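Observations on chain architecture
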Amino acid sequence: MVEAKQAALDAVPPPLETGPAHSYALRRTFGQPGEPKVKLYRDHAAWCPYCHKIVLQLEEKRIPYVIEKINMRCYGDKPREFMQKVPSGLLPVLEVDGRIITESAVIQQVLEALDPETPMLPPEGSAERARAAELMRLERKLFSAWLQWLCNGWGHESNKETFKIVMGSIDAALGEAPGPYFLSEFGLVDVTFAPFLERIVSSLLYYKGFAVRGQGRWPNVERWFEAMEARPAYAGFKSDHYTHVHDLPPQLGGCVSVPEAAPFAAAIDGSDGRSWRLPLEPLSATSLEAHSPGEQPEIDRLQAAARLVQNHEAVTKFALRGAPGGKAGPRPVAAELCDPTAVPAMEHLPAADAALRHVAHALLEGVEAKQAGRAPLAAAPSGSASNGVAVLDGAVVVPAMAYLRDRVCVPRDLKLPAARQLRAHLNFAIDELQQLTGGT
Ligand SMILES: N[C@@H](CCC(=O)N[C@@H](CS)C(=O)NCC(=O)O)C(=O)O
C-alpha cells in the first residue's frame, strides 16, 4: 500500500513510454530502441472514436509510435503544418516514413501490413476472415442505428426497436464465438467495436434512459466488455459517461433527450446531489458506471491531488475562466468541455489558488482529518479576515471550482476513479464555502 501510495503521487506515471497505455503519453517505444517510425495524429481531448480505434490497435500490437495531439474543430484550430499535410483536417492520421495515411479503416490495414508478426485479423482466405468482414459491416450497422436514435427527436420507439434488433444480432454474434471476443481470438473486430459500444452505453443512458449494460439484457455483450476492460490498452483509454455525453453533441451536431432519461442524466452530471458527493458510492459492476479493474479510493484521491498540485498553475488559471470576469474565447466553440482560448479572470488568482489548495489538502488527508485539523476552509464576505484563517470569497471561488469540476475529462485529465474523487472533493469545498457564506 505504501508503494502504491508513493506511485500515485507521481501525477504522470513514470514509464510513459513503456508502461500501460496512458493518454498523457506522447511517445510509446514499448522498450524498443531507436526512433519510432510511426506518428499518430490524434485529437487532443481523446474524444474521437476513430482515433480511439487506432490507439487500441497500436497499443495491442505494441508498434512504437509518437503522438501529436491536434484540436478538433469543435474546440479549437488545427496547426497550419497539419492542414498542409491533411487538407480535410480529419483525424486520425498516420505518418509512416513521411507517408500520410488517412481514414481509420485504411490505417488499420496499413498497421496490419506494417507488423504482420502480431496479426489482429485471421489469415486471408479463411472462413474467420470472411466472418471478420461480416462483423465489421455489422459494426457500421450498429453505428447507423445508434445515431438514428440518438440524434433524432422523432421516431423514438421505432428507432429504439431498430437499435435493439441490431444489438440483439451483436449479442448473438458474440454468443457464437468460443470465448468472450467476436472471433476465436481477440483482434481488430473487437478494437473496431470498442469505441462505439463504449459511447453507445453512455449516450443512450443519458439521452434516452436506456441501459445497454447492467440489466442482463445482452449477456454476451456484458461478457465482452468485461474481457475488454481487463486489457490494459482498453482500460488505459476508457472514458466515462460524463465525458462522452458532453463530448458527443459537438461532434454529432446535437443529441436529443427524452423525459424518462432525466434521472440518469442528473446522476451522470452529478446534479442529483449524490453521485458527485462524498462519501462516494463504491464503483462496481452494479453502479451506474461499471468500471474494471475497480477503484482504490485512497490511491485515487492521491492521484487526483498529485495532478492538481503538479499542474497547479495551469489548473488554477483554467478554473479562473469560470470566475467572475472570466470570458469565453474569441473564437466560438461548440464543445462545452473545452475552450482553449477562454480568458481567465487572473485578478482572482490568489483566491482560486487558495481554494484549490484546500481541495488538494482534502484529497491528501481525507475530509475528516481536514475538518479536524488546523486549516479549515473559511469564508467571509470579501476583504474581511479573522483569526489568521484564510478567507475566501465564495462569489469568486465557487464558480471557479464549479467550472473546473464540470470540465474534468476522462481519460484526458484523470482515470475515472481519480476524476470522481476530484469532482466530489471540489463539491465538498463548494458546499463548505456555500454554508459559510449562506449560499453564495
Ligand atoms: N471516416 C473517417 C472519419 C474520421 C472523422 O470523422 N474524424 C472526425 C473526428 S471523430 C474529425 O476529425 N473531424 C474534424 C474535427 O472535428 O476536427 C475515419 O474513419 O477516419
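Figured I'd write up the structure that's included with this text. (Residues numbered from 1 in each chain as written. Predicted model: local features only at pLDDT ≥ 70, side-chain atom pairs only at ≥ 80, totals over all residues. Heavy atoms only, no water.)

**Some thoughts on the overall build of the protein**
Across its full length, the protein carries 17 helices and 5 strands. Relative to the globule expectation of 22 Å for 440 residues, the C-alpha radius of gyration of the protein, 23 Å, shows essentially globular dimensions. Overall, the protein is about 80 × 55 × 45 Å in size when its C-alpha atoms are taken along their principal axes. Expressed as a percentage of the 440 residues in the protein, the buried residues total 53%. Considering only contacts within the protein whose residues lie at least 6 apart along the sequence, 72% involve residues at least 24 apart. Counting only carbon and sulfur atoms, one obtains 55% of the accessible surface of the protein, whose full area is about 19200 Å². Averaged over its 46 positive side-chain charges, the protein has a centre that lies 3 Å from the centre of its 52 negative ones. (Helix = DSSP H or I, 4+ residues; strand = E, 2+ residues; numbered from the N terminus. Rg over C-alpha atoms; globule rule 2.2 N^0.38 Å. Buried < 20%, exposed > 50% of the residue type's maximum accessible area, 1.4 Å probe, protein only. Contact = heavy atoms within 4.5 Å. Areas by Shrake-Rupley, 256 points an atom, 1.4 Å probe, with all protein chains shown as cover. Lys, Arg positive; Asp, Glu negative; His and termini not counted. Charge placed at Lys NZ, Arg CZ, Asp CG, Glu CD.)

**Examining the side chain of H425**
Position of H425 among the secondary structure elements: in helix 17 (residues 416-436). Within the structure, H425 has its side chain in polar contact with the backbone oxygen of Q421 (distance 2.8 Å). Setting aside residues no more than four positions away along its own chain, H425 makes contact with L278, R301, V359, A362, L363 and V367. (Polar contact = N/O pair within 3.5 Å; in protein donor to acceptor, adjacent residues only side chain to side chain.)

**A few points about the packing of aromatic side chains**
Applying the stated criterion to the full structure yields 18 aromatic pairs. Aromatic side chains Y50 and F196 sit 5.5 Å apart centroid to centroid with 70° between the ring planes, which places their arrangement in the edge-to-face category. Of the two residues, Y50 sits in helix 2 (residues 49-61) while F196 sits in helix 7 (residues 188-208), which places them 146 residues apart along the sequence. Arranged with centres 6.5 Å apart and planes meeting at 80°, the rings of F163 and W218 form a pair that is edge-to-face. Taken as a pair, F163 in helix 6 (residues 156-176) and W218 in the loop between helix 7 and helix 8 (219-229) lie far apart in primary sequence, 55 residues in all. Residue class for F163 comes out buried when judged on its relative accessible area of 0%. Accessibility expressed as a relative area gives 9% for W218, which makes it buried. (Phe/Tyr/Trp six-rings, centres within 6.5 Å; stacked < 30°, edge-to-face > 60°.)

**Let's talk about helix 16 (residues 394-405)**
Compared with an ideal rise of 1.5 Å per residue, which puts 12 residues at 16 Å, helix 16 spans 15 Å between its outermost C-alpha atoms and is within 8% of the ideal. Where helix 16 is buried, its residues touch helix 13 (312-319), helix 14 (349-365) and helix 17. The residue sitting at the N-terminus of helix 16 and contributing the capping side-chain oxygen is D393; that oxygen lies 3.0 Å from the backbone nitrogen of A395. (Expected span 1.5 Å × (residues − 1).)

**Details of the packing of helix 2 against helix 7**
Where helix 2 contacts helix 7, the axes come no closer than 9 Å and their chain directions differ by 140°. Pair helix 2 / helix 7 crosses with right-handed handedness. Across the interface between the two elements, P49, Y50, H52, K53, L56 and Q57 from helix 2 touch L188, V191, T192, A194, P195, F196, E198 and R199 from helix 7. Its residues assigned to classes, the contact of helix 2 with helix 7 shows 8 nonpolar, 3 polar and 3 charged. (Axes fitted to C-alpha atoms, helices over the stretch in contact; angles between N-to-C directions. Left-handed = near helix turned anticlockwise from the far one by under 90°. Nonpolar A, V, L, I, M, F, W, Y, C, P; charged D, E, K, R; others polar.)

**Quick look at the side chain of N159**
Residue placement: N159 occurs in helix 6. Judged by its relative accessible area of 5%, N159 is buried. From its side chain, N159 meets the backbone oxygen of Q148 in a polar contact 3.3 Å long.

**Brief notes about the nonpolar core**
Buried together is how nonpolar side chains tend to be arranged in soluble globular proteins. Membership of the largest hydrophobic core comes to 72 residues, with the highest contact counts inside it found for W47, W146, F163, I170, F193 and W224. Mapped onto this core, the elements with two or more residues apiece are helix 2, helix 5 (127-150), helix 6, helix 7, helix 8, helix 9 (232-237), helix 10 (241-252) and helix 11 (262-269). The biggest single contributor to this core is helix 7, with 13 residues. Counting 41 residues, the second largest nonpolar core, distinct from the first, contains A304, L308, V397 and V408. (Core = buried A, V, L, I, M, F, W, Y, C linked by side-chain atoms within 4.5 Å.)

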